[in-house]
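Read off the chains here:
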Amino acid sequence: MQAVKYARAGSVEEAVSLLQDGGDTARPLAGGTDVIVQARERTRDINLFVDIKHIPELISIEYSADSGLTIGAATPCYQLYGDSTISELYPALVDSTSLIGGTAIQGRASLGGNLCNSSPAADGIPSLIVLEAQVEIAGPNGRRTVAVEDFCTSPGRNVLGDGEFVVKLHFPAPAEGSGARFLRFIPRNEMDIAVANAATQVRLAADGTVTWARVSVGAIAPTPLLVSDAADALVGQPLSEETIAAAAAASSAAANPITDMRGSIRQRVHLAGVLTERTIRQAAERAA
Amino acid sequence: MVTAQSQPQSAETEKYNVIGTRPIRHDGVDKVTGAAQYGADLNLPGMLAGRVLRSPHAHARIVSIDTSKAEALEGVLAVITNADFPRASDEVIDTGEGTAQLNWVLDNVIASDKVLYKGHAVAAVAATDHHIAEDAIELIDVEYELLTPVLDVRDAMVDGSPLLHESLYTGSMDGSKSDNPSNTASHLQFTKGDLDAGFAEAEVVIEREFETSMAHQGYIEPHNGSAYYRADGTLDIWTSTQGAFVVRDSVAPLLQLSPSQVKVTPMEIGGGFGGKIPVYLEPLAALLSQKTGRPVKLTMNREEVLLATGPTSGTYMRVRMGAKRDGTLVAADVHLAFEAGAYPGSPVGAGAMCALAPYDIPNQRIDGYDVVVNKPKTAAYRAPGAPQSEFATESVLNELAEELGIDPIEIRMKNAAEEGAQRADGFTYGVVGNVECMTAAQESPHWQSELEGPNRGRGVAQGFWFNIGFESSAYAQVNGDGTVPLVLGSTDIGGTRASLAMQLAETLGISAEEVRPHVVDTNSVGYTQVTGGSRTTFAGGWAAYETAMDIRRQMEERAAVIWECDASDVTYGDDAIIRGPADEDGNDQQLTFKELAAQLASTGGHIVGRADVNKTSSGPAFATHIVDVEVDPDTGKVDILRYTAVQDAGTAIHPAYVEGQMQGGVAQGVGMALNEEYYYDDSGDLKNASLLDYRMPTALDLPMIEPIIVEVPNPGHPYGVRGVGEVPIIPPAPAVRAAIANAIGVHMSELPMSPRAILEATVLEE
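Quantities reported herein were computed from a predicted structural model and do not represent experimental measurements.

Enquirer: I would appreciate a short explanation of the overall build of chain A in the present structure.
Expert: On a plain count of helices and strands, chain A comes out with eleven helices and 14 strands. Whereas a compact globule of 288 residues would reach a radius of gyration of roughly 19 Å, chain A reaches 19 Å, a difference of no more than 12%. For chain A, the spread of C-alpha atoms along the three principal axes comes to 55 × 45 × 35 Å. Relative to its full complement of 288 residues, chain A shows a buried share of 55%. For chain A, the proportion of contacts with a sequence separation of at least 24, taken over those separated by at least 6, is 60%. Working note: accessible area of chain A is about 11500 Å², and carbon and sulfur atoms make up 49% of it. Side-chain charges in chain A split into 23 positive and 32 negative, and the spacing between the mean points of these groups amounts to 8 Å.

Here's what the structure looks like:
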């Protein structure tokens, strides 16, 4: 790691200005669990870290039944899974944040950082997708909002432009009868990167009919995918072996993975289906 | 010092005062408080930071190296390449657990005409700080001519395969060499009986092929090496190593120095398992120091450790085994092809000797091939060669038992090698605990329990390892207060300060806490072989015992001076009381160890006991392991539900450390079984050179491993010690394979048996 500059931003506007001045080699610093490693290993050329975690709105959790949940992008994982509202209403966020890294990493790592690192295997993103997160971005031209499923564009890349960074994530309040679940598959039981991961949110009517669903699968394509065919296979009828199998098959069909040291194409296509099936069943249990 | 709460000694060690108890290790406080000095902790005035430039290619000819831009960088004091070393001859030197040609040792430390694996060192720099050193290596221009990499042991053996070394010919045991150069460095063969007649007699024959991946020891402390070459031509080296003398005797000839010019100080070591025997950074630090006149420190990062130090061999193996219907083994044919990495010297020889070692099979043939490939030069790894070869043979034996409907422990008992049995390599066993381990396994709560539930299975396997002797040295002085500093040449990698101090204490009749063990540099103790081969508590224990006996003799002599009698009339008792003849008044004369120690200074001066031993004997040891697994058929993931490790320790000097060795060996064996592999792409690029993607088991991947220590004392050791460190890594892989087969009916043919491999053998089978 080379000598780098560090600037602590006190406001969103100051951070935007610092990032804009810093150009290509300036990066926002939240928990730093990805960017510091990338700088040290020289896989990313960084000359300026703009520390955004001292901006109050970047570390915050707010909920109301009307406006839903808003979390600051730099809020560390442990604060999210330690929050009683999130545990009660958004357990899929607990699924994700409690298995990213280990306990020490969870003390610093954030969902905003996980999103901006834009790894195809990110363990936070499928949950954000099925929970319909909206990403609030600040930049030189003010603020804009992007649906999370449109945020990542390719491995390590996303829609952020020069001087832009993610400020907040917004989630609608969960509707009656909703349940969501995130699962990942790793060869070990801890401290690993997903071979494949998946999240599902379903909404069940009183008679058990699936009235709404979202399915997202990760590590099986250049970006985490929103698989609408999988949701379509579920909506409009009660859950059955047939609809679940059809949804799983839709996820496998949507998968476009690579073979690497973490898994093979065939293994990942297969796991996309297995994890889709499991998350549907467990999301439905939470909905009931 | 505090002694740990007492647990009862075993039936075998009740007769001892110290052996079989569990004192707190002497080096424990420094380790838990962080005071212990590991290799990278060394800092000297004026010390420079070194950095190594490594090859991005698996196989290439070095056309040119231009270091001028790096040399011109402010803060860079030296840049070296292979050409800066004196020319190394092809003389063979002792490299710890093996031997090697000096020129190959040098070329592995820093490449000469060719790079032979990704990560192969090409140049090294010394600079005023490590940031400058990092920048400097990026300024070195190397022109490569790419060559086709040879990545699979079977491809490497084919005629016409690209050659790694034009000068390498296949050697045979009769000393002959092949006519043409080859990637096969050597072929060895052990035979016994009549193989064809044996198979003709067989009523059931099973033949299987296996492939295993390279696997790394995974020690937590990365390699390091610091050196200071003084103006008077003497060289100091500091490094965390398993053998300070081997470092001295490797570095000295590479720099054309006399061993007496080189002093190696072993730093505290954060794991080695065989991988911290070869030299990598020490010769580079030494030459950089020679060039700059300043001390130089080199350290590796994790990626460098995985790319460029010595894992254990990947293999291709084929085993054919025949039995009678009653389970009697009549013939076994074993073919072992081991990847040596870039230079000859895989552990195939030890693998071949161990392959069938637990069994008395009348007709055998074991062929072993040592084959170079474009991967890092392999190093010793805990029972080198045996986890692979015994995986193959134990797996076939388990399938034979299944085919014959015989209990897997029963078939092993029926064929077990006992006292007098001879291996194909000619070694004949003395008293061994092979059957005793099997019996203890049968009687264990684990084996007696029922395993229930879908996709669950149980497996067992046996393991054998030699446990060697060879040279160890020690000395100890007696202080006036009766305490005894013990000076050792063996670096302490697994609690040997404690196990050697305990053997000295037992022999003197004092407590373990009254002995203070110290590991010292190569100028301060006699020649001692590496800490490896499970030899240290065995051979080092001999040295500690003989050191104590030397003290006893000298104290008898000193008491004779005091009592004005003949030394032969004085007896040093095991209770540490020195008894002489009755005095003029007919009263008994005796002194305690402490009382006599207090009088040493005034009766002729302090004393030092010493011993140098060279034991050609060994302590053969066996193990029986039982494992229960559950397989997720949808994902191929294997969970270890329960694990019991039974092992003959001979005598367990410190039972807690014996149990720790057993549990640690199992953890590494399970890692090899389930997930650990060197994953290369077709260009020879190691794609998982990090502990994220090189998947060793974590604490959450293993249950509490239940150790059962069996004690069949080794008659070739004063306290019955056999080595304990290595044998427990051997049975896990075949036991897990058998448990997977028991759970889902599929016999795997490769290691690791990863989720991907299991899926591809089941739901994704093509």
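Enquirer: Is there a simple way to explain unusual backbone geometry in this structure?
Expert: All names here are of chain B. For the bond from leucine 751 to proline 752, the omega torsion is 0°, close enough to zero to count as cis. Examined against the element boundaries, proline 752 turns out to sit in the loop between strand E31 (750-751) and helix H20 (755-761). Non-glycine residue serine 534 carries a positive phi angle of around 55°. Secondary-structure assignment places serine 534 in the loop between strand E23 (515-519) and helix H16 (536-563). According to the relative accessible area criterion, serine 534 is buried, its value standing at 14%. With phi around 50°, glutamate 564 is a residue other than glycine that occupies positive phi space. Mapped onto the secondary structure, glutamate 564 falls in the loop between H16 and strand E24 (571-572).

Enquirer: Help me understand the nonpolar core, please; the structure alone is not making it clear to me.
Expert: Nonpolar side chains in soluble globular proteins tend to be buried together. The biggest cluster of nonpolar side chains holds 63 residues, and the ones touching the most others in it are B:Met321 and B:Val629. Those residues within four positions of B:Met321 in sequence are excluded, and the remaining contacts are B:Phe199, B:Val204, B:Val205, B:Ile206, B:Leu329, B:Ala331, B:Ala332, B:Leu356, B:Thr393, B:Val396, B:Leu397 and B:Leu400.

Enquirer: Help me out: how do you make sense of the packing of helix H15 (residues 496-508) of chain B against H16(B) in this one?
Expert: Between two packed helices, both the angle of their axes relative to each other and the distance between the axes serve to describe the pair. Residue and element names in this part refer to chain B. Their axes nearest at 8 Å, the elements H15 and H16 cross at an angle of 35°. Handedness of the crossing formed by H15 with H16: right-handed. Side by side, H15 and H16 meet where Thr496, Ser499, Leu500, Gln503, Leu504, Thr507 and Leu508 of the first sit next to Thr536, Thr537, Gly540, Gly541, Ala544, Tyr545, Thr547, Ala548, Met549, Ile551 and Arg552 of the second. Classifying every residue of the contact of H15 with H16 gives eight nonpolar, nine polar and one charged.

Enquirer: For this particular structure, what's the right way to read the environment of B:Val487?
Expert: Tracing the chain through its elements places B:Val487 in strand E22 (residues 484-488). In this structure, B:Val487 is in contact with B:Ser473, B:Ala474, B:Tyr475, B:His518, B:Val520, B:Ser524 and B:Val525, ignoring residues within four places of it in sequence.

Enquirer: Help me understand the sheet that holds strand E1 (residues 5-8) of chain A, please; the structure alone is not making it clear to me.
Expert: Residues and elements named next belong to chain A. Spatially, three strands are ordered E1-E3-E2 in an open sheet, and the strand pairing comes out parallel. On the outer flanks of this sheet lie E1 and strand E2 (26-29), each paired with one strand and no other. Across the sheet, the mean angle from the axis of one strand to that of its neighbour is 25°, orientation sign disregarded. The pairing of E2 with strand E3 (residues 48-51) spans four bridges and is classified as parallel. Bridge pairing in E3 links leucine 29 to aspartate 51. Most of the contacts of helix H1 (residues 12-22) go to E3, to which it runs at about 170°, and overall it touches E1, E2 and E3.

Enquirer: Is there a simple way to explain the pairing of E23(B) in this structure?
Expert: Side chains on a regular strand alternate between the two faces of the sheet. Residues and elements named next belong to chain B. Bridge count for E22 against E23 is five bridges, and the pairing is parallel. When the sheet's bridge partners are listed, proline 485 is paired in E23 with arginine 516. At this point the chain moves from E22, through H15, to the parallel E23, and the crossover so formed is right-handed.

Enquirer: Would you take a moment to explain the confidence of the model for chain B for this structure?
Expert: Do not read the predicted coordinates in detail wherever pLDDT is low. Summing up the model confidence of chain B, the mean pLDDT is 96 and the portion of residues at 70 or higher is 99%. What the predictor reports for the complex is a pTM of 0.97 with an ipTM of 0.95.

Enquirer: Explain the domain arrangement of chain B to me, please; I cannot follow it from the model alone.
Expert: Often, the extent of an interface is quoted as the loss of accessible area on bringing the components together. All names here are of chain B. Split by domain assignment, chain B resolves into domain 1 (430-467 + 618-766) and domain 2 (470-615). Taking only C-alpha atoms, the centre of domain 1 and the centre of domain 2 are 39 Å apart. Taken together, the contacts link 18 residues of domain 1 with 15 residues of domain 2. Across the domain 1/domain 2 interface, buried area totals approximately 1300 Å², and carbon plus sulfur atoms make up 68% of it. Ranking the residues of domain 1 by area buried against domain 2 places Ile653, Pro718 and Tyr719 at the top, with a combined share of 40%.

Enquirer: In this structure, what is going on with the interface of chain B and chain A? I would like to understand it.
Expert: Contacts between the two partners involve 30 residues from chain B and, on the opposite side, 24 residues from chain A. Interface area, chain B with chain A, both sides summed: about 2500 Å², of which 47% is carbon and sulfur. On the chain B side of the interface with chain A, the three residues burying the most area are B:Arg695, B:Arg756 and B:Leu764, jointly 21% of the side's total. Remark: the boundary between chain B and chain A carries eight salt bridges. Counting the contacts that link chain B with chain A gives 16 residue pairs in polar contact (both at pLDDT 80 or more).

Enquirer: What's the story with the pairing of strand E27 (residues 608-615) of chain B in this structure? I'm lost.
Expert: Residues and elements named next belong to chain B. The alternating pattern of E27 places Gly609, Ala611, Val613 and Lys615 on a buried face and Val608, Arg610, Asp612 and Asn614 on a face that is not buried. Direction of pairing for strand E21 (residues 470-477) relative to E27: antiparallel, over a ladder of eight bridges. What sits directly across from phenylalanine 470, in E27, is lysine 615.

Enquirer: Help me out: how do you make sense of the packing of aromatic side chains in this one?
Expert: We describe a pair of aromatic rings using the distance from one ring centre to the other and the angle between the two ring planes. Residue and element names in this part refer to chain B. Scanning the entire structure with this criterion turns up 16 aromatic pairs over all chains. Ring centres of tyrosine 429 and phenylalanine 464 lie 5.8 Å apart, and the angle between their planes is 70°; this geometry places the pair in the edge-to-face category. Note that tyrosine 429 is positioned in the loop between helix H12 (408-415) and helix H13 (434-442) and phenylalanine 464 in strand E20 (residues 456-465), a separation of 35 residues in sequence. Here tyrosine 429 matches phenylalanine 464 in class, with each residue buried. An angle of 85° between the planes, with centres 6.0 Å apart, marks the rings of tyrosine 678 and tyrosine 694 as edge-to-face. You can see tyrosine 678 sitting in the loop between helix H18 (655-674) and strand E30 (705-710) and its partner tyrosine 694 sitting in the loop between H18 and E30, a full 16 residues away along the chain.

Enquirer: Any chance you could explain empty space enclosed by the protein here in plain terms?
Expert: Rolling a probe over the atoms, with the probe sized like a water molecule, indicates the empty space that remains. For the structure on display, the rule yields eight cavities of 30 Å³ or more. Roughly 140 Å³ of volume is contained in the largest cavity. Considering the residues around the largest cavity, the lining is formed by 15 residues, among which A:Met261, A:Arg262, B:Glu677, B:Arg695 and B:Ser754 are closest to the centre. Residue composition of the lining of the largest cavity, by class: four nonpolar, five polar and six charged. Volume-wise, the second largest cavity comes out at about 110 Å³. If you trace the second largest cavity, you find 15 residues lining it, with A:Arg188, B:Leu674, B:Asn675, B:Pro697 and B:Asp701 closest to the centre. Counting residues per element, the ones that place at least two in the lining of the second largest cavity are strand E29 (638-648) and H18 of chain B.

Enquirer: What is the right way to read the state of the cysteines from this model?
Expert: Simply put, disulfide is the name for a covalent bond between the sulfur atoms of two cysteines. Under the counting rule described, the total for this entry stands at zero disulfides over all chains. No disulfide involves A:Cys116; its sulfur sits 8.5 Å from the nearest other cysteine sulfur, which is in A:Cys152.

Enquirer: How do you make sense of the domain arrangement of chain A when you look at a structure like this?
Expert: Residue and element names in this part refer to chain A. The domain architecture assigned to chain A consists of domain 1 (5-51), domain 2 (56-171) and domain 3 (178-287). Between the C-alpha centres of domain 2 and domain 3 there is a distance of 20 Å. Taken together, the contacts link 24 residues of domain 2 with 27 residues of domain 3. Of the roughly 1900 Å² buried at the junction of domain 2 and domain 3 (both faces included), carbon and sulfur atoms supply 61%. Summed over the shared surface of domain 2 and domain 3, the result is four salt bridges. The salt bridge partner of aspartate 95 is arginine 286, with a shortest N-O separation of 2.9 Å. Run the count over domain 2 and domain 3 and you get twelve residue pairs in polar contact (both at pLDDT 80 or more).

Enquirer: Just checking my understanding: could you explain the side chain of B:Glu556 for this structure?
Expert: Residues and elements named next belong to chain B. Along the chain, glutamate 556 falls in helix H16. Lacking a salt bridge, the buried glutamate 556 has arginine 552 as its closest oppositely charged neighbour, with an N-O distance of 5.6 Å. For glutamate 556, the contacting residues outside a window of four places in its chain are Val570, Thr571 and Tyr572.

Enquirer: Explain the side chain of B:Asp27 here, please?
Expert: As for its placement among the helices and strands, B:Asp27 is situated in the segment before helix H1 (28-33). Side chain to side chain, B:Asp27 and B:Lys31 meet in a polar contact 2.8 Å long.

Scoring rules and cut-offs
- Residues numbered from 1 in each chain as written.
- Chains lettered and ligands numbered in written order.
- Predicted model: local features only at pLDDT ≥ 70, side-chain atom pairs only at ≥ 80, totals over all residues.
- Heavy atoms only, no water.
- Helix = DSSP H or I, 4+ residues; strand = E, 2+ residues; numbered from the N terminus.
- Rg over C-alpha atoms; globule rule 2.2 N^0.38 Å.
- Buried < 20%, exposed > 50% of the residue type's maximum accessible area, 1.4 Å probe, protein only.
- Contact = heavy atoms within 4.5 Å.
- Areas by Shrake-Rupley, 256 points an atom, 1.4 Å probe, with all protein chains shown as cover.
- Lys, Arg positive; Asp, Glu negative; His and termini not counted.
- Charge placed at Lys NZ, Arg CZ, Asp CG, Glu CD.
- Core = buried A, V, L, I, M, F, W, Y, C linked by side-chain atoms within 4.5 Å.
- Axes fitted to C-alpha atoms, helices over the stretch in contact; angles between N-to-C directions.
- Left-handed = near helix turned anticlockwise from the far one by under 90°.
- Nonpolar A, V, L, I, M, F, W, Y, C, P; charged D, E, K, R; others polar.
- Pairing = 2+ DSSP bridges.
- Right-handed = clockwise from strand over helix to strand, strands pointing away.
- pLDDT = per-residue confidence, 0-100.
- Domains from an automatic or database assignment.
- Buried area = accessible area lost by both parts, 1.4 Å probe.
- Salt bridge = Lys/Arg side-chain N within 4 Å of Asp/Glu carboxyl O.
- Polar contact = N/O pair within 3.5 Å; in protein donor to acceptor, adjacent residues only side chain to side chain.
- Phe/Tyr/Trp six-rings, centres within 6.5 Å; stacked < 30°, edge-to-face > 60°.
- 1 Å grid on protein atoms, 1.4 Å probe; cavity = no way out; pocket = protein on both sides within 12 Å on 5 of 7 lines; lining within 4 Å.
- Points joined across faces, edges and corners; volume = space filled by probe spheres on them.
- Disulfide = S-S within 2.5 Å.

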